Amino acid sequence: MSSFTKRLKRELDSLTTTQLSASLFILIFFLIVPLFYMVIRAFFHNGRLSSYYFQALLSDPNFVTYPPNLNFAYMSRTSLGTFLFVGNRGPDFGVLFNSLFVAITVTVFSILLGVTAAFIMARYEFLGKIFFRVVLLIPMLATPFVNAFVIGKVLGQNGLFNYVFHDILRLLPFKVQISGLPAVILIQTISFFPIVYLNALSSFISIDPSMEEQAETLGARGFKVFRSVTLPLALPGIAAGAAIVFIISLEDLGAPIGLSGAFGSGLHQKLISFYIYSEFIGGLGSVEQVHASTYALAVIMLAIAVAVFLSIKKYVTLRQYAMISKGGRFNPRIRKLGPLGLIAVYLFLLGLVITASFPQIGVVVLAMSDWAYNGLPVPTAFTPQFMSELVSEPDVLRSIMNSLTYSSMATILMLVVGVSAAYVIARRKIPGKDALDSLVTVPIAVPGIILAVGYLLFFATFFSGTPFDPFLNPGFLLIFTYTVRRIPFTARSVFAGLQQTHESLEEAALNLGANRWRTFATIAIPLIAANVIGGGLLSFVYSMNEVSTSITLSSLKPEQGPITFYMSQVIYSSGAVGTVSVAAALGVLLMSIQLVVMTVSNYLLKQRVAFLGV
Amino acid sequence: MVRVRLENVVKRFGEVTAVSGVSLDINHGEFFTVLGPSGCGKTTLLRIIAGLEHPDEGKIYFDDLDVTELPPYKRGTGMVFQNYALWPHMSVFDNIAYGLRVMKLPGDEVKRRVRKILELVKLVGMENRYPTQLSGGQQQRVALARALVIEPRILLLDEPLSNLDARLRIEMRTEIKRIQKELELTTIYVTHDQEEAMVMSDRLAVMNAGRIMQVGTPSEVYRRPKNLFVATFLGRCNILKGKVIGRHNDLVDVVVNGLKLRGVLTGKPLNEGDKAFCIIRPESFSVREGENLFRGTVEWISFAGSYTQILLKISDGRVITANVSSNFRAETGSEIKLYASSEDVLILHPEEEAMAYSKEL
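Just so it is clear, the structure is predicted and the values come from calculations on it, not from any experiment. (Residues numbered from 1 in each chain as written. Chains lettered and ligands numbered in written order. Predicted model: local features only at pLDDT ≥ 70, side-chain atom pairs only at ≥ 80, totals over all residues. Heavy atoms only, no water.)

Novice: I'm lost on helix H21 (residues 516-527) of chain A in this one. Help?
Specialist: At 3.6 residues per turn, the α-helix brings residues three or four places apart onto the same side. Relative to the 16 Å expected for 12 residues at 1.5 Å per residue, H21(A) spans 15 Å between its end C-alpha atoms, a close match to the ideal helical length. Listed as buried for H21(A) are A:Thr519, A:Phe520, A:Ile523 and A:Ala524. Projected down its long axis, H21(A) carries its buried residues within an arc of 125 degrees, all on one side. Residues of H21(A) that are buried make contact with helix H2 (14-42), helix H16 (394-427) and helix H20 (504-511) of chain A together with helix H2 (92-102) of chain B. Of the residues that open H21(A), the one with a side-chain oxygen 3.2 Å from the backbone nitrogen of A:Trp517 is A:Asn515. (Helix = DSSP H or I, 4+ residues; strand = E, 2+ residues; numbered from the N terminus. Expected span 1.5 Å × (residues − 1). Buried < 20%, exposed > 50% of the residue type's maximum accessible area, 1.4 Å probe, protein only. Arc of directions from axis to C-beta. Contact = heavy atoms within 4.5 Å. Polar contact = N/O pair within 3.5 Å; in protein donor to acceptor, adjacent residues only side chain to side chain.)

Next comes the structure, spelled out in structure tokens:
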């Protein structure tokens with residue numbers, strides 16, 4: 001015992017104590033406690049421990065529809081012509097299973113598209129490859145709601161799709177309208193597949209070519225090599241990307257809200273995330289008005305996300321192959337394609353990039369033309385009006401200022417916490433370090449909307465009337481949701497930097513008489529400066545683009561809303577003509593900031609896929 | 001100038017015991033080397049002295065001060081790391097000045113002392129370079145200067161020459177030795193290179209599997225190894241197994257497959273009838289008539305410049321290696337006689353067999 005306390009005393013110098021308590025405080029107080037309180041509330045009914053709310057939820061046909069409606073598509077004549085309606089009436093499994101259905105389908109499609117694209121980019125040489133490499137990153141540019149709105153507009157009854165393929169090219173004998181869950185799946189797939197793509201790409205590139213060559217010398221060829229060597233080696237990276245896609249699909253609000261802007265209400269709203277969102281925007285005056293089923297629903301969603309995250313994490317750590325090849329750098333295996341293969345590759349890539357980057361292009365067009373309100377499938381006139389409203393419209397300007405304030409504060413806070421946690425994890429041998437390590441990773445598995453529910457419940461119950469009251473200061477709380485949600489990525493970026501820096505560099509300073517604070521400030525920090533700045537910039541962009549907590553908590557006090565909240569309001573309530581175009585202009589602003597930051601941080605971190613942070 | 005004393009130091013990393021019960025006394029101004037194969041715990045021992053690792057058991061004293069609980073930055077040691085650990089974001093001047101600035105010395109004083117130390121390590125004019133712009137040998141000198149400039153109480157060197165090429169290594173070891181003598185610094189040097197250890201050290205400790213196998217001057221350790229590990233680690237050996245048949249003060253008679261040998265007992269005492277190891281280094285053989293006759297046929301003979309190497313097949317079929325004067329000539333297959341002085345035949349207790357590093361020739 002005494003040797004244990006002595007060891008504690010020795011290891012917990014003032015730097016370590018400060019870093020440890022700062023990171024633990026933020027993570028426990030702003031993550032664990034609110035979620036824990038939410039779980040407790042969900043299991044209490046009339047002051048007693050009970051599964052009442054869960055039973056009520058599962059027996060409600062709105063949440064679990066049985067038998068499910070599987071009417072995927074049907075033909076119908078309307079005043080505008082003969083239509084094939086896809087997703088309008090079904091599939092519908094009820095709120096709970098709709099969310100699962102969407103998340104699983106989006107994950108599967110993202111894996112198929114992402115892995116195929118990554119394999120082509122990693123292993124084949126063809127004309128225009130650099131073009132595709134850049135263009136494949138366009139879908140990563142975040143334009144929440146507006147991208148979905150664009151897709152909705154294109155796929156609508158009077159949309160561009162029908163205009164081109166039915167009216168002009170006459171390829172389709174009837175018009176098509178895609179809405180409901182298929183539309184959500186389409187939008188989420190084209191927005192999220194790049195996550196799998198980038199993970200798979202970096203996995204394929206880091207496979208030592210001699211592994212594949214060895215298989216070939218043993219007689220394996222073509223697909224056999226891919227299936228037996230390449231894919232298994234890349235699988236941990238692909239699985240990690242897929243898990244993230246699953247979780248962000250589960251919590252996504254961009255697609256349902258954007259489609260609501262394009263189509264009004266419909267099956268695309270019958271999702272857990274949207275259900276919880278509608279609780280917030282229904283005009284809450286106090287925490288008592290939140291229906292207890294919301295907690296239960298939030299707990300179910302949290303449980304699904306955490307279960308998926310933990311199983312994938314276990315799988316990935318189990319299969320962390322040490323792929324260190326003997327000797328120095330190697331040239332990845334790159335092959336030329338035959339004429340047939342070349343045609344297939346071009347068709348696949350062109351189809352993919354055109355579809356996937358369409359929303360981003362559409363957002364730019366929306367922002368700079370009359371497309372949003374001319375009632376036609378195509379834009380007819382250029383106008384600078386909406387871009388200029390970014391600086392002239394007081395509401396818009398306020399949302400921009402709010403976003404900048406929250407995001408800068410959050411960036412500072414998450415750098416402090418991220419650097420502290422990463423430094424303790426990388427450098428100190430204190431008991432409980434593993435717990436901190438897991439605690440830092442947990443936020444990946446926590447859907448933002450669940451965090452918002454937890455905050456609302458916890459802070460409104462215990463901190464009413466204080467600066468932490470979500471009804472008084474939702475903006476202040478957003479600083480903490482951004483921080484907590486982004487910490488895994490910030491900490492990992494710093495941790496990677498520390499791993500590349502030999503510990504003896506710090507030991508040399510300690511040896512020369514510098515205490516731990518001085519060593520940290522003069523040796524460790526300058527050596528990982530690129531990672532810290534790069535990580536900070538990306539975290540800033542993340543905060544600017546954050547959707548789920550921004551649009552829920554802000555709805556408790558709209559004047560504190562950030563950019564994404566303003567956009568969601570405009571799209572969701574798309575009443576006044578032209579306002580969608582302002583949301584698009586805000587989308588252009590967000591994309592521009594993201595582009596600048598991606599360029600700067602890629603330069604800093606000298607790593608093409610760095611901005612993903614996954 | 002400080003005396004360093006280690007008392008029964010133990011360090012475990014999980015299941016592995018890196019240092020198990022090491023006690024050492026290192027004198028004022030002494031150049032003391034810890035020699036051992038990689039993974040023997042010698043670097044851990046050095047890091048414990050620097051305060052970078054904390055021992056699980058035992059005490060460390062600098063003179064009479066118990067420093068076991070003292071953090072590294074309060075110990076006043078100057079350490080040169082194996083990879084030099086030069087800060088890439090600082091110039092040579094800033095690297096060297098770091099420790100002085102930590103001491104809050106005035107700017108002039110810092111400049112003066114950095115200049116002085118640069119002269120000592122022969123790096124004047126390199127102040128504004130960055131570590132990546134220096135050659136390996138220059139980096140090594142900067143690391144040394146950085147450790148020396150703070151006027152440390154103890155200089156700790158962790159295989160500082162292992163990253164240099166052979167010629168530079170020899171040059172630098174003379175340099176380090178010169179500076180150490182000039183400053184009369186208590187120096188602890190860690191290496192796996194036995195030649196380096198012998199050339200540089202006043203005394204050395206041979207370490208294996210976390211334990212000190214023997215401490216002594218280079219010639220003591222080389223000529224009177226206390227066990228088989230020390231004998232084999234410090235040079236090539238012919239190892240013959242035999243039985244004690246008689247004792248005469250320090251000298252012991254052993255019979256090895258009918259071959260009668262007389263040698264010195266260097267390890268634990270032996271009694272008549274005990275099993276024993278006879279260790280003879282190749283260079284201990286001579287063609288000049290003397291004690292301990294080895295008769296055999298030449299299996300292989302090769303000229304190695306400063307000596308001639310013979311592989312001699314002796315009566316029991318065993319082959320021994322002998323390095324004799326380079327002007328000796330013999331035909332392969334011919335019968336020759338070799339002799340070894342009883343001073344050079346080392347008799348060791350067989351219990352060391354288990355610990356043998358096993359470099360049987």
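So that's the structure; there's more coming.
Novice: Just checking my understanding: could you explain the sheet that holds strand S9 (residues 203-208) of chain B for this structure?
Specialist: Each strand in a sheet pairs with another by means of backbone hydrogen bonds, the pair being arranged parallel or else antiparallel. Residues and elements named next belong to chain B. As summarised here, the arrangement of the 6 strands in space is S6-S7-S8-S3-S9-S10, forming an open sheet in which the pairing is mixed. Looking at which strands have only one partner, the edges of the open sheet turn out to be strand S6 (77-80) and strand S10 (211-216). Going from strand to strand, the sheet's axes swing by 15 degrees on average, the running direction of each strand aside. In terms of strand pairing, S6 meets strand S7 (residues 154-158) through 4 bridges, oriented parallel. Counted as the bridge partner of Thr 77 is Ile 154 from S7. (Pairing = 2+ DSSP bridges. Axes fitted to C-alpha atoms, helices over the stretch in contact; angles between N-to-C directions.)

Novice: I tried to follow the packing of helix H6 (residues 146-155) of chain A against helix H11 (residues 254-263) of chain A on my own but got confused; where do I start?
Specialist: Any two packed helices are characterised by the angle at which their axes cross and by the distance between the axes. All names here are of chain A. Interhelical geometry of H6 versus H11 gives an angle of 45 degrees and a closest axis separation of 7 Å. Looking at the two axes, H6 sits oblique to H11. Note on packing geometry: the crossing formed by H6 with H11 is right-handed. Contact with H6, carried on its side by Ala 148, Phe 149, Gly 152, Lys 153 and Leu 155, involves Gly 254, Ala 255, Gly 258, Leu 259, Gly 261, Ala 262 and Phe 263 of H11 and no other residues of that element. Grouping the constituent residues of the contact of H6 with H11 by class yields 7 nonpolar, 4 polar and 1 charged. (Parallel < 35°, antiparallel > 145°, perpendicular 65-115°, else oblique. Left-handed = near helix turned anticlockwise from the far one by under 90°. Nonpolar A, V, L, I, M, F, W, Y, C, P; charged D, E, K, R; others polar.)

Novice: Can you help me understand the pairing of strand S3 (residues 31-35) of chain B in this one?
Specialist: On a regular strand, each side chain points to the face opposite its neighbour's, so the side chains alternate between the two faces of the sheet. Residue and element names in this part refer to chain B. Counting buried positions along S3 gives 5 out of 5 residues, so the element sits mostly inside the fold. Residues Phe 31, Thr 33 and Leu 35 of S3 are buried on one face, and the alternating residues Phe 32 and Val 34, pointing to the opposite face, are buried as well. With 5 bridges joining them, S3 and strand S8 (residues 186-191) adopt parallel strand pairing. Looking across to S8, one finds that Thr 33 is bridged to Tyr 189. Pairing of S3 with S9, which is carried by 4 bridges, proceeds in the parallel orientation. Bridge assignment links Val 34 to a residue of S9, and that residue is Ala 205.

Novice: Any chance you could explain the interface of chain A and chain B here in plain terms?
Specialist: Frequently, the measure chosen for interface size is the accessible area removed from exposure when the parts meet. Opposite the 22 residues of chain A that make contact, chain B presents 26 residues. The interface formed by chain A and chain B contains 2 salt bridges. Our count for the contact surface shared by chain A and chain B stands at 9 residue pairs in polar contact (both at pLDDT 80 or more). For the side of chain A that touches chain B, the elements supplying multiple residues, two or more each, are helix H1 (2-11), H20 and H21 of chain A. (Salt bridge = Lys/Arg side-chain N within 4 Å of Asp/Glu carboxyl O.)

Novice: For this particular structure, what's the right way to read the layout of surface pockets?
Specialist: Over the atoms rolls a probe the size of a water molecule, and its path tells where empty space is left. By volume, the second largest pocket amounts to about 1000 Å³. If you go around the second largest pocket, you meet 38 residues; those closest to its centre are A:Arg10, A:Glu11, A:Arg428, B:Glu53 and B:His54. Mapped by element, the contributors of at least two residues to the lining of the second largest pocket are H1, H16, H20 and H21 of chain A together with strand S4 (57-62) of chain B. Looking at the lining of the second largest pocket element by element, the count peaks at 7 residues for H1(A). (1 Å grid on protein atoms, 1.4 Å probe; cavity = no way out; pocket = protein on both sides within 12 Å on 5 of 7 lines; lining within 4 Å. Points joined across faces, edges and corners; volume = space filled by probe spheres on them.)

Novice: Help me understand the packing of helix H4 (residues 95-123) of chain A against helix H8 (residues 180-205) of chain A in this model?
Specialist: Residue and element names in this part refer to chain A. Taken N-terminus to C-terminus, the directions of H4 and H8 make an angle of 40 degrees; their axes are 6 Å apart at the nearest point. Relative to H8, the element H4 is oriented oblique. Helix-helix and strand crossings are classified by hand; for H4 and H8 the assignment is right-handed. Taken together, the residues that form the contact of H4 with H8 break down as 23 nonpolar, 6 polar and 1 charged.

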